[in-house]
Amino acid sequence: AGRLISRPLGRSGTSKVVAISEREILQQMSRAVRVSARTRRFFGWMGAVCLLAIIPIKLVRVAGAGGRLAIEVAPSLLGPAGLLFLLLSGSGRLAKLSLLQQTVVVGTLAVVLELLQLCPRPGLLRYVYYTFDYFDLIASVLSVAAAYVVALAVIKRSHSSESLS
């Protein structure tokens, strides 16, 4: 079954009724993120910087200079955002998903990984120190949301600059 949508015809202002199926609507909503190679490279660099910035933060935490909330949740802020940017820079299977779908995948993965820290660990993993707290969970969700907004702005800007060229 289709929906009837009224669309204007040219400049005359008259409209005609067009039948659009739910399938067409879903296809438009789930279009892959189409960005230039330059924008993909930019997303790749942003992702790499976010993920590599976790290393010195972890070292500060191990050295005992941590203790502030910002140091404690920084990996949870940088990790999911970095992963989303890296996914947006790629050209694999996940690159065929829309920005929103990729964001949902990364957000789900981030929350699941945070919650997995609550599960009992077998064998040698029992001696590994995990630092779950609700601030990390909140930081992960905020990180994915912020990365989505930034990616959306970058994509819109790249599309507008390409149309001007």
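For the structure itself, look to the data block above.
All values derive from a computational prediction rather than experimental measurement.

A.B. asks: So what exactly am I meant to see when it comes to the nonpolar core here?
C.D. replies: Judged by nonpolar contacts, the single largest core of 17 residues is most densely connected at Val-33, Phe-43, Phe-85, Leu-88, Leu-99, Ala-151 and Ile-155. Residue contacts for Ala-151: discarding those within four places in its chain leaves Phe-43, Phe-85, Leu-88 and Leu-99.

A.B. asks: Please explain helix 4 (residues 69-89) as it appears in this structure.
C.D. replies: If you check helix 4, its first and last C-alpha atoms are 30 Å apart, about what 21 residues at 1.5 Å a residue would give, namely 30 Å. For helix 4, every residue scored as buried is listed here: Val-73, Ala-74, Pro-75, Ser-76, Gly-79, Pro-80, Ala-81, Gly-82, Leu-84, Phe-85, Leu-87 and Leu-88.

A.B. asks: Would you mind showing me how to read the packing of aromatic side chains here?
C.D. replies: Two measures describe an aromatic ring pair: the distance that separates the ring centres and the angle between the ring planes. In total, this model carries two aromatic pairs according to the counting rule given. Summarising the aromatic geometry, the rings of Phe-42 and Phe-43 are spaced 6.4 Å apart at their centres and angled 45° between planes, so their arrangement reads as tilted. Classification of Phe-42 by relative accessible area gives partly exposed; the value is 40%. By relative accessible area, which is 0% here, Phe-43 ends up buried. Each ring, one from Phe-43 and one from Phe-85, has its centre 5.9 Å from the other, and the planes form 10°; the classification is stacked. Here Phe-43 is found in helix 2 (residues 37-52), whereas its partner Phe-85 is found in helix 4, with 42 residues between them in sequence. Among the aromatic residues, ring-to-ring pairing joins Phe-42, Phe-43 and Phe-85 into one connected group.

A.B. asks: Even after reading the chapter, I still don't get the packing of helix 2 against helix 3 (residues 54-62), so can you show me in this structure?
C.D. replies: When two helices pack together, their arrangement is given by the angle between the helix axes and the distance between those axes. Viewed as axis vectors pointing N to C, helix 2 and helix 3 meet at an angle of 10°, and their least axial separation amounts to 4 Å. Classified by the interaxial angle, the pair formed by helix 2 and helix 3 is roughly parallel. Contacts from Cys-50, Leu-51 and Leu-52 in helix 2 reach Ile-54, Ile-55 and Pro-56 in helix 3. Residues of the contact of helix 2 with helix 3, tallied by class, amount to six nonpolar, no polar and no charged.

Reading the values: the criteria
- Positions within a chain are numbered from 1, following the residues in the order the chain's sequence is written.
- Per-residue local features of the predicted model are confined to residues with pLDDT of at least 70, and side-chain atom pairs are confined, for both listing and counting, to 80 or more; whole-chain, interface and lining totals are unaffected and use all residues.
- As a convention, hydrogens and water are excluded, and side-chain values are obtained from all of the structure's heavy atoms.
- Joining through side-chain atoms within 4.5 Å is the link that ties buried Ala, Val, Leu, Ile, Met, Phe, Trp, Tyr and Cys residues into a set, and such a set is a nonpolar core.
- Exposure classes here rest on a 1.4 Å probe applied to the protein chains alone. A residue is buried below 20% of its type maximum, exposed above 50%, and partly exposed in between.
- The contact rule is simple, with two residues in contact once any of their heavy atoms fall within 4.5 Å.
- Put simply, DSSP marks the helices as runs of H or I at least four residues long and the strands as runs of E at least two long, and each gets a number from the N terminus on.
- Helices are assigned an expected span. That span is 1.5 Å times one less than the residue count.
- Ring pairs are drawn from Phe, Tyr and Trp, using the six-membered ring of Trp, whenever the two centres fall within 6.5 Å, and their geometry is named by plane angle: stacked under 30 degrees, edge-to-face over 60, tilted for the rest.
- Axes, fitted as lines to C-alpha atoms, cover a helix only where it is in contact. Angles between the N-to-C directions of the axes lie from 0 to 180 degrees.
- Under this scheme an angle from 65 to 115 degrees is roughly perpendicular, one under 35 degrees roughly parallel, and one over 145 degrees roughly antiparallel; angles in between are oblique.
- In this classification, Asp, Glu, Lys and Arg are treated as charged, Ala, Val, Leu, Ile, Met, Phe, Trp, Tyr, Cys and Pro as nonpolar, and every other residue, Gly included, as polar.

So far we have only geometry, and geometry alone does not tell us how the molecule works.
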